[in-house]
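# Observations on the three-dimensional arrangement
Below are the chains, spelled out letter by letter.
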Amino acid sequence: MHDQIFRAFIGRYPEHTEFNVEKEIFPLLDQVFSKRALEVLAQPLAQMVFARINHHTRIQSVQLSLMTFLAEPLYFAVNVMLFGNGYPSDSFDDFRIIDESMPERFFGSPYWFLPSVRARGRLLPRGVDYVRKIHIPANNSALGSDFIQTLQSNGVSPEEAACHLLTFSWGLHANTQGAIFWLFLFLLSDPVALTAVRDEIDRAIKHEFGDLHGFLVDANLKNLDGPCFTLLTSAIMEAMRLTATFMGLRVANSDFELKNIDKTVPVRKGEHLLGNVDALHMDESVYPNSRAFVYDRFAYCEGKFRMDGKPWFSFAAGRHLCKGRYLAMYELKISAILSLYLFDITPVGGPPPPWWPPRSQKANLGFPRIENITVQLHPRDRVEVR
């Protein structure tokens, strides 16, 4: 899959080298994205995200893009956290331009290519410059240094290494941005859910952390993965259940019988198996009223990110389970908590939102795409800001 994403993002397939993503990079990602490593690595994330949105608390009211408001702080903070200060973390606008064209690029559909080609033309030289300067202190980082050194040790040129890194960056950010965007679309369209989740956040910050400053200091993975954020976690999982659109494709490496409730299906070696995750997530016998956003549907998880119980495969499954799943859930919680605690967010033209239900574009890759939404941002009067 990396080669296909590389082709879509860069415009060609990778050069032939001894480099193998699954063999060389996956073990590195397992290490960096483990829960134990992220407990330490991700500790500053809440403070960095807060620093990117704090200036809005000093403005009485502002209209802005919902996607930019939610996703840009995460994009910047996660890049700095993983790749260091030398990475072009201020490249959000160019990233979004390229991302908007990715479904058409991936599937080979016609599209107006010039804006994304120009954005890529601006981003690639900055990536190459980062790779060439990877050994200077500003670029010392948890992931970027080892990532680039692994590529270079396998004979990959700086130009090609930058292409691999930027391709990886797309995978790191694109689905998380889609998930946080859709979470807020659902919350803004459901006043009951929005009030319940916000009230839970207010209680947690007051009773579990003391105040906003206490939250920013102690907002690690462990403290956000528990019953004080039961409804928020449930709402995130529910939004992803409804919107994470992909299929799992596997090839059988031996003959076996696939169990399906009370039946078995014979599978022969070499046959392809296609798992329709969307069909499973919309199964009425598993999820009654399956097409509705039920914000407390996963409240039984008691705030923990669990993949047992009801079938939930928004982060895939098996050997190909998303390696960044813990970081992604942490990002989503940090963004939602700070945004809802600090601001009243209302859709321009509503409520009820004039864009609900949203009409998805035909070509999607990961999460359904819709036209961007403009929201009105008001600082909440009762919130203390430092």
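For the structure itself, consult the block above.
To keep things clear, this report deals only with the structure shown in the data block. (Residues numbered from 1 in each chain as written. Predicted model: local features only at pLDDT ≥ 70, side-chain atom pairs only at ≥ 80, totals over all residues. Heavy atoms only, no water.)

So, about the overall build of the protein chain. Along the protein chain, the regular secondary structure elements total 15 helices and seven strands. Relative to its length of 386 residues, the protein chain is compact, with a C-alpha radius of gyration of 21 Å against a globular reference of 21 Å. Each principal axis of the C-alpha distribution contributes one length, and for the protein chain these read about 60 × 60 × 45 Å. Per-residue burial over the protein chain gives 52% buried out of 386 residues. The contacts in the protein chain between residues at least 6 apart in sequence include a share of 75% that link residues at least 24 apart. Per element, the accessible surface of the protein chain, about 18,300 Å² overall, is 54% carbon and sulfur. (Helix = DSSP H or I, 4+ residues; strand = E, 2+ residues; numbered from the N terminus. Rg over C-alpha atoms; globule rule 2.2 N^0.38 Å. Buried < 20%, exposed > 50% of the residue type's maximum accessible area, 1.4 Å probe, protein only. Contact = heavy atoms within 4.5 Å. Areas by Shrake-Rupley, 256 points an atom, 1.4 Å probe, with all protein chains shown as cover.)

Spatially, E1-E7-E6 is the arrangement adopted by the three strands of the open sheet, whose pairing is antiparallel. Each edge of the open sheet carries a strand with a single partner, namely strand E1 (62-65) and strand E6 (343-347). The mean inter-strand angle of the sheet, taken between neighbouring strand axes irrespective of direction, is 35°. (Pairing = 2+ DSSP bridges. Axes fitted to C-alpha atoms, helices over the stretch in contact; angles between N-to-C directions.)

Helix packing geometry: the angle between the two helix axes and the distance between the axes. Running from N to C, helix H5 (residues 66-83) and helix H15 (residues 325-342) point in directions that differ by 135°, and their axes come no closer than 11 Å. The angle between the axes of H5 and H15 places the two elements in the oblique class. Seen along the crossing, H5 lies across H15 with a hand that is right-handed. The segment H5 lies against H15, with Phe69, Leu70, Leu74, Val78, Met81 and Leu82 engaging Leu327, Glu331, Ser335 and Ser339. By residue class, the composition of the contact of H5 with H15 is seven nonpolar, two polar and one charged. (Parallel < 35°, antiparallel > 145°, perpendicular 65-115°, else oblique. Left-handed = near helix turned anticlockwise from the far one by under 90°. Nonpolar A, V, L, I, M, F, W, Y, C, P; charged D, E, K, R; others polar.)

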